[in-house]
Amino acid sequence: MAATTFTPDSIVSAARETVSFISSRLAEYPQLACPNFGIICGSGLGGLAGTIAPTPQVVIEYADIPGFAVSTVVGHAGKLVFGLLGEKQTPCVLMAGRVHFYEGHTIEKVAFPVRVLHLLGVTTLIVTNAAGGLNPEYNVGDVVVLNDHINIPGLAGAHPLRGPNIEEFGTRFPALSDAYDLALRRKLHLTYKRQQEVMRSKRRLHEGVYVFVSGPSFETRAECRFLRVLGADVVGMSTVPEIIAARHAGMRILAMSLVTNCAVLEPTPRGDAVLAEGGDAELNKVIEKGKANHEEVLESGKEAAEDMQRLVRMFIDELVETPN
């Protein structure tokens, strides 16, 4: 599956090979073999895998899966976890970590695991990520359920459906105006209200627009203002290629961002405006105010991630009908 040899036939062939390998690992656990729900766990959110029932459970490292790339990013464990989630013990498959475009993978490679999930039987995909808050009303620790996106790399040609259409997965020119399932979003809001009542949580849930940028650098101040003017509420380096591949395959989508840092929207201080200021140390404090780094993203998201994981478990429990 080299980046230079991707063709519709090679992607389908590789996906079938991957599914065959995974199915062989699940052969002893028929109750896990065809999960309806897939969950992609973003930065710092892989702890949801730890809440899967300990048995039956099958864990497969990405490094062992044909066709899968291995994540090199801290906070992305890089494994598939098959198991039963929540009080209703719903069969799910979790991607504990993802690979990213900025790691040097093609967009097709980033979207490949979602196509595998489709062939495994997943019909509803829950996608989570850590993101920077562009909306000034958002605070670190807030959760944003996505209702739309802006695909900056895709508009420039880095699109997971570029090239000959793969009819095995879906039709040419899929609509994305309905990508973020309205019924699922409504159900999440209702679940969130019940979670607040039970947990006495003060964490806020918003709805907003996610903008996908390639990374791997965090955005400049001018870029943050530009993205905000475009209508984006949160910004991140993942999720959208997965959403597009999932919708192409007809999956229902629920996507959530955990705000782990707030973007700096104020213009950069001018050098000719700080002539009377102190030494370099004082100036560094001014310019570095609000500067983001990946370690802070992971740290600030720890407590919020637990609430978000609880929300996902409750959501799936309430979405699944009570067995007869």
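Within every chain, residues take consecutive numbers counted from 1 along the sequence as written. Reporting in this predicted model follows two pLDDT cut-offs: at least 70 for local features of residues, and 80 or more for side-chain atom pairs to be given and counted; totals over whole chains, interfaces and linings ignore these cut-offs and use all residues. Neither water nor hydrogens contribute to the side-chain values; these are computed over all heavy atoms in the structure.

Enquirer: How should the overall build of the protein be read in this particular structure?
Expert: In this description a helix means any DSSP run of H or I spanning at least four residues, a strand means any run of E spanning at least two, and both kinds are numbered starting from the N terminus. In terms of helices and strands, the protein carries nine helices and nine strands. Burial classes: relative accessible area under 20% of the type maximum marks a residue as buried, over 50% as exposed, and values in between as partly exposed (1.4 Å probe, protein chains only). Burial statistics for the protein: of 324 residues in total, 51% are counted as buried. By the convention used here, residues are in contact when the closest approach between their heavy atoms is within 4.5 Å. Of the contacts made within the protein by residues no fewer than 6 positions apart, 83% connect residues no fewer than 24 positions apart. Of the roughly 15100 Å² that the protein leaves accessible, carbon and sulfur atoms contribute 52%. In short, Shrake-Rupley with a 1.4 Å probe defines the accessible areas, and a residue's cover is counted only from the protein chains shown.

Enquirer: For this particular structure, what's the right way to read the packing of aromatic side chains?
Expert: Two aromatic rings are characterised by how far apart their centres lie and by the angle between their planes. Each Phe, Tyr or Trp ring (for Trp, its six-membered ring) is paired with any other whose centre lies within 6.5 Å, and the angle between the two planes then decides the class: stacked below 30 degrees, edge-to-face above 60, tilted in between. The final tally for this structure, using the stated rule, is two aromatic pairs. Taking 6.2 Å as the distance between ring centres and 80 degrees as the angle between the ring planes, the aromatic pair formed by Phe 68 and Phe 112 counts as edge-to-face. Taken together, the positions of Phe 68 in the loop between β2 (58-61) and β3 (79-85) and Phe 112 in helix α2 (residues 107-120) put the pair 44 residues apart, joining distant regions of the chain. Here Phe 68 falls in the buried class, since its relative accessible area comes to 9%. In this structure an aromatic cluster arises from ring pairing among Tyr 62, Phe 68 and Phe 112. As a reminder, the over-ring test applies to NZ of lysine and CZ of arginine, requiring each to be within 6 Å of the ring centre and within 35 degrees of the ring normal. The residue whose ring lies beneath Arg 115 is Phe 169, and the NZ or CZ to ring-centre distance is 5.3 Å.

Enquirer: Which parts of the structure should I look at to understand the nonpolar core?
Expert: Soluble globular proteins tend to bury their nonpolar side chains together. Ile 22, Leu 80, Phe 82 and Leu 125 are the most contacted members of the largest nonpolar core, which has 51 residues in total. Take this core: its biggest share by element is seven residues, from α2. Excluding its chain neighbours within four sequence positions, the residues that come into contact with Leu 125 are Gly 38, Ile 39, Ile 40, Val 114, Leu 117, Ala 246, Met 251, Arg 252, Ile 253 and Leu 254. As used here, the term nonpolar core means buried Ala, Val, Leu, Ile, Met, Phe, Trp, Tyr and Cys residues forming a set that is joined through side-chain atoms within 4.5 Å. In this structure, Ile 39, Leu 184, Met 308 and Phe 315 belong to the second largest nonpolar core, which totals 28 residues.

Enquirer: What exactly am I supposed to notice about helix α9 (residues 302-319) here?
Expert: Within an α-helix, residues lying three or four positions from one another point in the same direction, as the helix has 3.6 residues per turn. Any helix carries an expected span of 1.5 Å times its number of residues minus one. In this model α9 runs 26 Å from its N-terminal to its C-terminal C-alpha over 18 residues, within 8% of the 26 Å that 1.5 Å per residue would give. Within the span of α9, buried status applies to Ala 304, Ala 305, Asp 307, Met 308, Gln 309, Leu 311, Val 312, Met 314, Phe 315, Ile 316 and Asp 317.

Enquirer: Is there a simple way to explain the UniProt feature "binding site: a purine D-ribonucleoside" (unreviewed entry) in the protein in this structure?
Expert: UniProt positions are given in the numbering used here, feature names are shortened, and annotations may be inferred rather than shown by experiment. Summarizing the sequence annotation, UniProt attributes the feature "binding site: a purine D-ribonucleoside" (unreviewed entry) to Glu 219 and Asn 261 in the numbering used throughout. Spatially, the listed residues are clustered: although they cover 43 residues, their C-alpha atoms lie within 11.8 Å of one another. Structurally, the position occupied by Glu 219 is in the loop between β7 (205-212) and α5 (221-230). Its location among the elements puts Asn 261 in strand β9 (residues 252-262).

Enquirer: Sorry if this is basic, but what is going on with empty space enclosed by the protein here?
Expert: We place a 1 Å grid over just the protein atoms. Points where a 1.4 Å probe fits but has no way out form a cavity, open points with protein on both sides within 12 Å along at least 5 of 7 lines form a pocket, and any residue with an atom within 4 Å of a point lines it. Grid points are joined across faces, edges and corners, and a volume is the space filled by probe spheres set on the points. Tallying each qualifying case throughout the model produces four cavities of 30 Å³ or more. What the largest cavity holds in volume is close to 70 Å³. The dominant element in the lining of the largest cavity, judged by the number of residues it contributes, is α2, at four residues. Residues are sorted three ways: Asp, Glu, Lys and Arg are charged, Ala, Val, Leu, Ile, Met, Phe, Trp, Tyr, Cys and Pro are nonpolar, and all the rest, Gly among them, are polar. A breakdown of the residues in the lining of the largest cavity according to their chemical character gives eight nonpolar, one polar and three charged.

Enquirer: What exactly am I supposed to notice about the packing of helix α1 (residues 8-25) against α2 here?
Expert: For any two helices packed against each other, one specifies the inter-axial angle together with the distance between the axes. Axes here mean lines fitted to C-alpha atoms, for a helix over just the part in contact, with angles spanning 0 to 180 degrees between N-to-C directions. It is at 9 Å that the axes of α1 and α2 come closest, and there the two elements cross at 55 degrees. Overall, the two elements α1 and α2 adopt an arrangement that is oblique. The crossing of α1 and α2 is right-handed. Together, Ile 11, Ala 14, Ala 15, Arg 16, Thr 18, Val 19, Ile 22 and Ser 23 of α1 and Glu 108, Phe 112, Arg 115, Val 116, Leu 119 and Leu 120 of α2 make up the contact between the two elements. Comment on the angle field: the value is read as roughly parallel under 35 degrees, roughly antiparallel over 145, roughly perpendicular from 65 to 115, and oblique elsewhere. Two helices crossing with the near one rotated counterclockwise from the far one by less than a right angle form a left-handed crossing, whereas a clockwise rotation gives a right-handed crossing.

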